[in-house]
Amino acid sequence: MRKEDKVTVVASLKEAIEAYPHFYLTDVEALDAKKTSELRRECFKRNIKLVVAKNKLLMRALSEVNEELYAPLFATLKGSTAVMFSENANAPAKLIKDFTKGSKGEGKPQLKSAYAQEGIYIGANQLSTLETIKSREELIADVVALLESPIKNVLSSLQSGGNTIHGVLETLQKK
């Protein structure tokens, strides 16, 4: 690969790293053309940008963005690496889990490492942890539900209490 091409690839990777808040480094080695095509289709459906990159170029892009932050990921850059960029922290984890469902965790793509919710996750054993991370929208919905619940309880108590008092008054009136 020519030097100009490498500079372009690094710039493109750097731009994606800065644009997306979460990314997963996955092992896609040994995926045949059919499986690779299926994976790309699923990524497109779930708004995940899938990029296959050379490890050295990816390492250079990560270093240029923030070497201190991404240094723990460098050890996982071996073999064939695909990067899954996403706006949603748990979307790539769910995709990997669904895609490898029948293979008992041995199938590809397999998680090497991830940067999600401002944290570093290393190893395929972190997939279940990443899958349970809630998105910003899910967290907001949980907070709203928690705030809404006591108000609903108070309102229903007031309404049922009003009906009870009304019933007592009607009974007394009839007597």
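Residues numbered from 1 in each chain as written. Predicted model: local features only at pLDDT ≥ 70, side-chain atom pairs only at ≥ 80, totals over all residues. Heavy atoms only, no water.

Within an unreviewed UniProt entry, the label attached to the protein reads Large ribosomal subunit protein uL10, and the organism entered is Porphyromonas canoris. On record in UniProt, under Function (unreviewed entry), the comment for the protein is "Forms part of the ribosomal stalk, playing a central role in the interaction of the ribosome with GTP-bound translation factors." Looking at the protein in UniProt, the text filed under Sequence similarities (unreviewed entry) is "Belongs to the universal ribosomal protein uL10 family." (UniProt positions renumbered as here; feature names shortened; annotations may be inferred.)

Quick notes on a positive patch on the surface
Side chains of K3, K6, K54, K56 and R60 sit close together on the surface and give a patch of like positive charge. Put simply, the parts of the chain that give the positive patch at least two residues each are α1 (3-19) and α3 (55-70). You can see K56 is positioned in helix α3. K56 sits in the exposed class, given a relative accessible area of 69%. (Patch = residues over 30% accessible without salt bridge, like charges linked within 9 Å, V, L, I, M, F, W, Y side chains within 5 Å. Areas by Shrake-Rupley, 256 points an atom, 1.4 Å probe, with all protein chains shown as cover. Salt bridge = Lys/Arg side-chain N within 4 Å of Asp/Glu carboxyl O. Lys, Arg positive; Asp, Glu negative; His and termini not counted. Charge placed at Lys NZ, Arg CZ, Asp CG, Glu CD. Helix = DSSP H or I, 4+ residues; strand = E, 2+ residues; numbered from the N terminus. Buried < 20%, exposed > 50% of the residue type's maximum accessible area, 1.4 Å probe, protein only.)

A word on the environment of S12
One can find S12 in helix α1. As a C-alpha pair, S12 and A61 span 49 residues in sequence and 8.6 Å in three-dimensional space.

Structural notes on the pairing of strand β4 (residues 110-116)
Of all the seven residues making up β4, six are buried; the element is thus mostly covered by neighbouring parts of the structure. The pairing of strand β1 (residues 22-27) with β4 spans five bridges and is classified as antiparallel. Its bridge partner lying in β4, F23 is registered against Y115. Examined bridge by bridge, β4 and strand β5 (residues 119-122) share four bridges and lie antiparallel to one another. Each bridged residue has a counterpart across the sheet, and for A114 the counterpart in β5 is Y121. Two successive antiparallel strands, β4 and β5, enclose a turn made up of two residues, where Q117 displays a positive phi of approximately 50 degrees. (Pairing = 2+ DSSP bridges.)

Points about the environment of K35
In this fold, K35 is placed in helix α2 (residues 33-45). K35 sits in the partly exposed class, given a relative accessible area of 38%. Distance from K35 to F99, taken between C-alpha atoms, is 9.4 Å for residues 64 residues apart in sequence.

A word on the nonpolar core
Y24, L39, C43, M84 and L130 are the most contacted members of the largest nonpolar core, which has 22 residues in total. Elements represented by at least two residues in this core include exactly α2, β2 (48-53), β3 (81-86), α4 (91-99), β4 and α5 (127-131). Sort the elements by how many residues they give to this core and α4 lands first, with five residues. In terms of nonpolar packing, the next biggest core, distinct from the first, is built from 18 residues, I17, F23, L58 and V83 among them. (Core = buried A, V, L, I, M, F, W, Y, C linked by side-chain atoms within 4.5 Å.)

Observations concerning the packing of α1 against α3
α3 packs onto α1 with a crossing angle of 40 degrees between their chain directions and a minimal axis gap of 7 Å. Taken as axis vectors, α1 and α3 run oblique relative to one another. Taken as a pair, α1 and α3 cross one another with a handedness that is right-handed. On α3, the residues touching K6, V9, V10, L13, K14, I17 and E18 of α1 are L57, L58, R60, A61, L62, E64, V65 and Y70. For the contact of α1 with α3, the per-class residue count stands at ten nonpolar, no polar and five charged. (Axes fitted to C-alpha atoms, helices over the stretch in contact; angles between N-to-C directions. Parallel < 35°, antiparallel > 145°, perpendicular 65-115°, else oblique. Left-handed = near helix turned anticlockwise from the far one by under 90°. Contact = heavy atoms within 4.5 Å. Nonpolar A, V, L, I, M, F, W, Y, C, P; charged D, E, K, R; others polar.)

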